[in-house]
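A closer look at the structure
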Amino acid sequence: MDEQQLDKSFLGQPKGLSTLFFTEMWERFSYYGMRAILLYYIYDTVANGGLGLPKETALAIMSIYGSLVFMSSIVGGWISDRVLGARKTVFFGGVFIMVGHIVLATPFGIAALFLSILLIVIGTGMLKPNVSGMVGHLYSKTDTRRDAGFSIFYMGINIGALLAPFIVGTLGQTYNYHVGFSVAAFGMFFGLLQYYLQGKKSLDGIGLKPTNPIGTAERKTFLRSSLIALVFVIVLFGGAFTTGHLTIGFFINSVSVLGILLPVYYFIKMLTSKNVTAEERPKVLGYIPLFLAGIVFWSLEEQGSSILALFASERTNDTLFGFSIAPSWFQSLNPIFVVVLTPVFVTLWTKLGKKQPSTVVKFSLGLVFAGLSFVLLMLPGLLYGTDTRVSPLWLFFSFFIMIVGEMCISPVGLSITTKLAPKAFESQTVAIWLLADAASQAINAQIARFYTPQTESAYFGIVGIVAVIAGILLILSKNPIKKLMGSIH
């Protein structure tokens, strides 16, 4: 198509980008708004409108929630590719999310909490990976606007994540938790409404059919495998119920084990597959240390909505320079710093060109910065004790250092995943990278119990130093890793 004929109706981009931009913005608004107050809702007293669960249980539930969301993306991608197509999958995913928030807004206690988790996990898994995939279909392979289009799209993600804690968090903590969850539901409703109405015209046939429809023979195999999985789940949880072991802790432990086993299964499958060539197998081996580094990094980064949220509520002053600060507002620091630092790092890597650090070195730096962000939070307890509140600036700078680390890992993580993955597993590479986050939060669900007022400084110090040591070990191993990676740098 001639450049003059290109659709430039949304910031110089196709009009379909506007539809997907606002769909993802509202979805992230609803999700991060809910997460901004969910921890407090779970452990707050019943008298204050909370569920009154122990804090260590609340922290574990937050981690398991995040782990399930990332694991469900695998299923959501499969449903889109093989059954519904991206357009319907995204819409139904949004409906599940909206209903999940509505359920959470009802006063039905723990039952509503777990039902909402189920609905939102299913919905996010269906919506998130597929709405991103649809952005790519707005452009031809030769359209030079593609990278800029994705940059605008990801800005929508961060706008939603940035605004949500201020709006949903303030309403939830000032008035009522259920009011906050209701606003999150309205956010997803607005996203769905504009997606459905505007998408009819702007998406122009994109994602209407599955890219690789499941065949009759495959359908039988899938149904058989699904039945086996269902029987296993029934036996597992049914057995726990009959023996009196079906508790929240049992559920948390079960998901933690699944979060660890899934990536192990994927790597064994790749390394033993006949479809993986002799040239590709070393690259898979070279990717494993980077994948493990990703688990360590995301383990620290994802504690921003659990451990650090608890620190914000119980250990920081509620004013800074005379302004009142709600604990949920700290959840906006992550997207704020992403927006601020992304152009800085893009400019830095561009100027360095061929002199920029290799992927292994970038991963190492990311781990070191993540570790230092936790080591910093070790100091308030050592300096002032854990029975007094400290300046919010401790959290501010901790988040900042963490996002500096994220700039070194997150943008290059998916890129190196696709470069090192065998051709036979190309379609599963995104899922594999997402599993690093799922595994990290499965681990967090287990280690969160060690965070108490008495162990605060030790917790931050040990977790932070482990990440720093992991970064040092990774950079010391860069030569053998590069050898396994071959020509990929």
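Before any of the text, the structure's been laid out above.
Rules and cut-offs
Residues numbered from 1 in each chain as written. Predicted model: local features only at pLDDT ≥ 70, side-chain atom pairs only at ≥ 80, totals over all residues. Heavy atoms only, no water. Helix = DSSP H or I, 4+ residues; strand = E, 2+ residues; numbered from the N terminus. Rg over C-alpha atoms; globule rule 2.2 N^0.38 Å. Buried < 20%, exposed > 50% of the residue type's maximum accessible area, 1.4 Å probe, protein only. Contact = heavy atoms within 4.5 Å. Areas by Shrake-Rupley, 256 points an atom, 1.4 Å probe, with all protein chains shown as cover. Lys, Arg positive; Asp, Glu negative; His and termini not counted. Charge placed at Lys NZ, Arg CZ, Asp CG, Glu CD. Patch = residues over 30% accessible without salt bridge, like charges linked within 9 Å, V, L, I, M, F, W, Y side chains within 5 Å. Salt bridge = Lys/Arg side-chain N within 4 Å of Asp/Glu carboxyl O. Phe/Tyr/Trp six-rings, centres within 6.5 Å; stacked < 30°, edge-to-face > 60°.

1. A look at the overall build of the chain
Helices and strands together make up the secondary structure of the chain, namely 16 helices and two strands. On C-alpha atoms alone, the chain measures out to a radius of gyration of 22 Å, which is about the 23 Å that the 2.2 N^0.38 rule sets for 489 residues. Projected onto the principal axes, the alpha-carbon positions of the chain cover approximately 65 × 55 × 50 Å. In the chain, which comprises 489 residues, the proportion classed as buried is 51%. The contacts of the chain with a sequence gap of at least 6 include a subset with a gap of at least 24, amounting to 82%. Per element, the accessible surface of the chain, about 22600 Å² overall, is 69% carbon and sulfur. Of the charged side chains in the chain, 34 are positive and 23 negative, and the gap between their average positions amounts to 9 Å.

2. Focus on unusual backbone geometry
One non-glycine residue with positive phi stands out, namely Asp204, at about 45°. Positionally, Asp204 belongs in the loop between helix 6 (177–202) and helix 7 (216–242). Phi at Phe321 takes a positive value of approximately 55°, unusual for a residue other than glycine. Here Phe321 is to be found in the loop between strand 1 (319–320) and strand 2 (323–324). Judged by its relative accessible area of 68%, Phe321 is exposed.

3. Structural notes on a nonpolar patch on the surface
Side chains of Phe186, Phe189, Phe190, Leu193, Tyr196 and Leu197 sit close together on the surface and give an oily, nonpolar patch of about 600 Å² of accessible area. Here Leu193 shows up in helix 6. A residue is classified by how much of its surface remains accessible, and Leu193, at 40% relative accessible area, is partly exposed.

4. What about the packing of aromatic side chains?
Considering all chains together, one arrives at 31 aromatic pairs under this definition. Their ring planes at 85° and their centres at 5.3 Å tell us that Phe396 and Phe397 sit as a pair that is edge-to-face. Judged by its relative accessible area of 33%, Phe396 falls in the partly exposed class. The class for Phe397 is partly exposed, based on a relative accessible area of 43%. When the ring of Tyr451 is compared with that of Phe460, the centres are 5.6 Å apart and the planes differ by 65°; the resulting orientation is edge-to-face. Here the two residues Tyr451 and Phe460 agree in accessibility, since each one is buried. An aromatic cluster is built from Trp26, Phe29, Phe186, Phe189 and Phe190, whose rings are joined through pairwise contacts.

5. Examining the environment of Glu24
Assignment of secondary structure puts Glu24 in helix 1 (residues 15–43). Put simply, Glu24 and Arg35 are eleven residues apart on the chain and 16 Å apart in space, counted from C-alpha to C-alpha. If we ignore the near neighbours within four places in the chain, the residues touching Glu24 are Leu127, Lys128, Val131, Phe153 and Ile157.

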